[in-house]
Amino acid sequence: MDTGQELGGTIPRARVEDDAPRLEPMLDLEWSRAIELPQAAMTAATPAELRRAWVHRAPEDTVLALFRASAGMSGPIPAPWWLRAMADGKLDSREQGFRVEDRIAQLLGPRPGWEFVPWAADGESGYWEFMPSERGKSGHAIPTTVMNTDRHPGWIDVLPAHTGRTPDPIPVAGLAGLRSRLGVFEAVR
């Protein structure tokens, strides 16, 4: 009977602490987890109800540091508009971004025809669609859409109702600008 005693010299020795692999966090994976929303957030009716990811709750300086480290590795990464604006020095705090989103919700939420869409691109804060502009008399396939942006200090872009090629977004000068132009945006049906 062969007991395999002669193989003893070929069995690798147990690892000692100095041989242990050193694992470092993968920034892409860490960032992906940072912006990940729970499944329940997909039923949010306002941006405030959508703020359930780590980027919304963790200390602001920690969020900004992880964003900058992650963005430096592989170019642009998915992130909320307000975080990109903070990283560029255009917005002072996450709370200011939340206020912009909440004021838009207060304006559009009670108005007939406007619906909040929580399932925006990864990391984004959702957007608002004017449903009467879709498949109405005008026949547009894509409704008028209000979304937040870090492209300009008004923080609001409107994508006009359209079919076919996506038009350039219309920059809006903040909440006052949106309020003053809502009649024009809602006229497309």
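These figures come from a predicted structure and were not determined experimentally.

Asks: Explain the packing of aromatic side chains here, please?
Replies: Enumeration over the complete set of coordinates arrives at five aromatic pairs. Between tryptophan 81 and tryptophan 155 the ring centres are 5.6 Å apart and the planes differ by 40°, which places this aromatic pair in the tilted class. Of this pair, tryptophan 81 sits in helix H5 (residues 81-87) while tryptophan 155 is found in the loop between strand E3 (144-148) and strand E4 (156-159), placing the two residues 74 residues apart along the sequence. Across the pair, tryptophan 155 and tryptophan 81 agree in class, each one buried. Aromatic pair tryptophan 82 and phenylalanine 98: ring centres 5.4 Å apart, planes at 85°, arrangement edge-to-face. Here tryptophan 82, found in helix H5, pairs with phenylalanine 98, found in helix H6 (residues 94-108); they are 16 residues apart in sequence, far enough to count as distant. Overall, tryptophan 82 belongs to the buried group, its relative accessible area being 1%. Taking relative accessible area as the criterion, phenylalanine 98 reaches 8% and is therefore assigned buried. When the ring centre of phenylalanine 98 is taken as reference, the NZ or CZ atom of arginine 51 above it lies at 4.2 Å.

Asks: Quick question: what am I supposed to make of the pairing of E4 here?
Replies: Successive residues of a regular strand alternate their side chains across the two faces of the sheet. The side-chain alternation of E4 yields two buried faces, one formed by Ile156 and Val158 and the other by Asp157 and Leu159. Judged from the four bridges that link them, E3 and E4 form a sheet pairing that is antiparallel. Considered in E4, the bridge of asparagine 148 is made with isoleucine 156. Relative to strand E5 (residues 170-172), E4 runs antiparallel, the two being bridged by three bridges. Within the sheet, the bridge partner assigned to isoleucine 156 lies in E5 and is valine 172.

Asks: Could you clarify how one ought to interpret unusual backbone geometry in this entry?
Replies: Glycine aside, residues mostly have negative phi angles, and peptide bonds mostly take the trans form. Notably, tryptophan 155 is not glycine yet its phi reads approximately 65°, a positive angle. Since its relative accessible area comes to 10%, tryptophan 155 is described here as buried.

Asks: Just checking my understanding: could you explain the sheet that holds E5 for this structure?
Replies: Pairing between sheet strands relies on hydrogen bonds along the backbone, with the strands arranged either parallel or antiparallel. If you trace the five strands from one edge of the open sheet to the other, you get E1-E2-E3-E4-E5, paired in antiparallel fashion. Edge positions in the open sheet fall to strand E1 (114-117) and E5, since each of these has one partner strand only. Direction aside, neighbouring strands of the sheet carry axes that sit 25° apart on average. Against the sheet, H6 contacts E1, strand E2 (127-130), E3 and E4, and its axis sits at roughly 155° relative to E3. Most of the contacts of helix H7 (residues 174-186) go to E5, to which it runs at about 135°, and overall it touches E1, E2, E3, E4 and E5.

Asks: What's the story with the pattern of salt bridges in this structure? I'm lost.
Replies: Pairing is possible between side chains that carry opposite charge, provided their charged atoms lie close to one another. Evaluated as defined, the whole model comprises seven salt bridges. Aspartate 157 is the salt-bridge partner of arginine 151, the closest N and O atoms lying 2.7 Å from each other. Connected through shared salt-bridge partners, Arg51, Glu101 and Asp102 make up one network.

Asks: Can you help me understand H6 in this one?
Replies: Each α-helix turn comprises 3.6 residues. Residues three or four places apart therefore point the same way. A rise of 1.5 Å per residue sets the reference length of H6, with its 15 residues, at 21 Å; its end C-alpha atoms lie 21 Å apart and thus fit the reference within 8%. The complete set of buried residues in H6 reads Arg94, Gly97, Phe98, Val100, Glu101, Ile104, Ala105, Leu107 and Leu108.

Asks: What should I look at first to understand the environment of glutamate 134 in this one?
Replies: Turning to its location among the elements, glutamate 134 is positioned in the loop between E2 and E3. Since its relative accessible area comes to 27%, glutamate 134 is described here as partly exposed. Here the alpha-carbon distance between glutamate 134 and valine 188, two residues 54 residues apart in the chain, equals 8.9 Å. In this structure, glutamate 134 is in contact with His140, Ala141 and Pro143, ignoring residues within four places of it in sequence.

Criteria and cut-off values
Residues numbered from 1 in each chain as written. Predicted model: local features only at pLDDT ≥ 70, side-chain atom pairs only at ≥ 80, totals over all residues. Heavy atoms only, no water. Phe/Tyr/Trp six-rings, centres within 6.5 Å; stacked < 30°, edge-to-face > 60°. Helix = DSSP H or I, 4+ residues; strand = E, 2+ residues; numbered from the N terminus. Buried < 20%, exposed > 50% of the residue type's maximum accessible area, 1.4 Å probe, protein only. Lys NZ or Arg CZ within 6 Å of the ring centre and 35° of its normal. Pairing = 2+ DSSP bridges. Axes fitted to C-alpha atoms, helices over the stretch in contact; angles between N-to-C directions. Contact = heavy atoms within 4.5 Å. Salt bridge = Lys/Arg side-chain N within 4 Å of Asp/Glu carboxyl O. Expected span 1.5 Å × (residues − 1).

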